[in-house]
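Observations on chain architecture
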Amino acid sequence: MPHDVGLEVSVKSVLIIVFDGEGEELAGGETSSEPDAIPSFLLEHAAEPNRILHESGIQAIWLTRELEKRGLPIICMDPRLAHKALSRRISVTLNDRSGEIFCVTRKFLLRGRT
């Protein structure tokens, strides 16, 4: 079954969250921001990612190109769209990185299914 994946990228590490077809979180973890570390994590938790979403940032172009070379379906999202999605949250107050990427990715991925 294909899964959707959200990435929160920093210089040294990447927070990865795997979602099922309904947008529910299945797995999550942190790995190195090296391009080979991300597919290794995905092989264990989401062997067939449908889409992989991350926000644009300082490493966005490099990471997107490297993951595309590895055959992964990566999508880079503008941070302004992420802020817009977060500002529409109803009674959800998650301030940590995993909460933010969960909310943004889930909203984006579910919107793509309608």
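Our subject is the structure that appears above.
Structural notes, computed from the coordinates. It should be emphasised that the depicted structure is a prediction, and the values quoted were computed from it without experimental measurement.

How each quantity is defined
Residues numbered from 1 in each chain as written. Predicted model: local features only at pLDDT ≥ 70, side-chain atom pairs only at ≥ 80, totals over all residues. Heavy atoms only, no water. Pairing = 2+ DSSP bridges. Helix = DSSP H or I, 4+ residues; strand = E, 2+ residues; numbered from the N terminus. Axes fitted to C-alpha atoms, helices over the stretch in contact; angles between N-to-C directions. Contact = heavy atoms within 4.5 Å.

**Some words on the sheet that holds strand β5 (residues 74-77)**
- Spatial strand order, β3-β2-β1-β4-β5: five strands in an open sheet with mixed pairing. The open sheet has two free edges, formed respectively by β3 (25-32) and β5, since each of these has just one partner strand. Taken pair by pair, the neighbouring strands of this sheet meet at an average axis angle of 20°, ignoring direction.
- As paired elements, strand β4 (residues 49-55) and β5 share four bridges and run parallel to each other. Counterpart to Leu53 in the pairing with β5 is Ile75.
- Seen against the sheet, helix α1 (residues 37-45) touches β1 (3-9), β2 (13-19), β3 and β4 and runs at an angle of roughly 155° to β3.
- Each of β1, β4 and β5 touches helix α2 (residues 60-69); the most contacted strand, β5, lies at about 165° to it.

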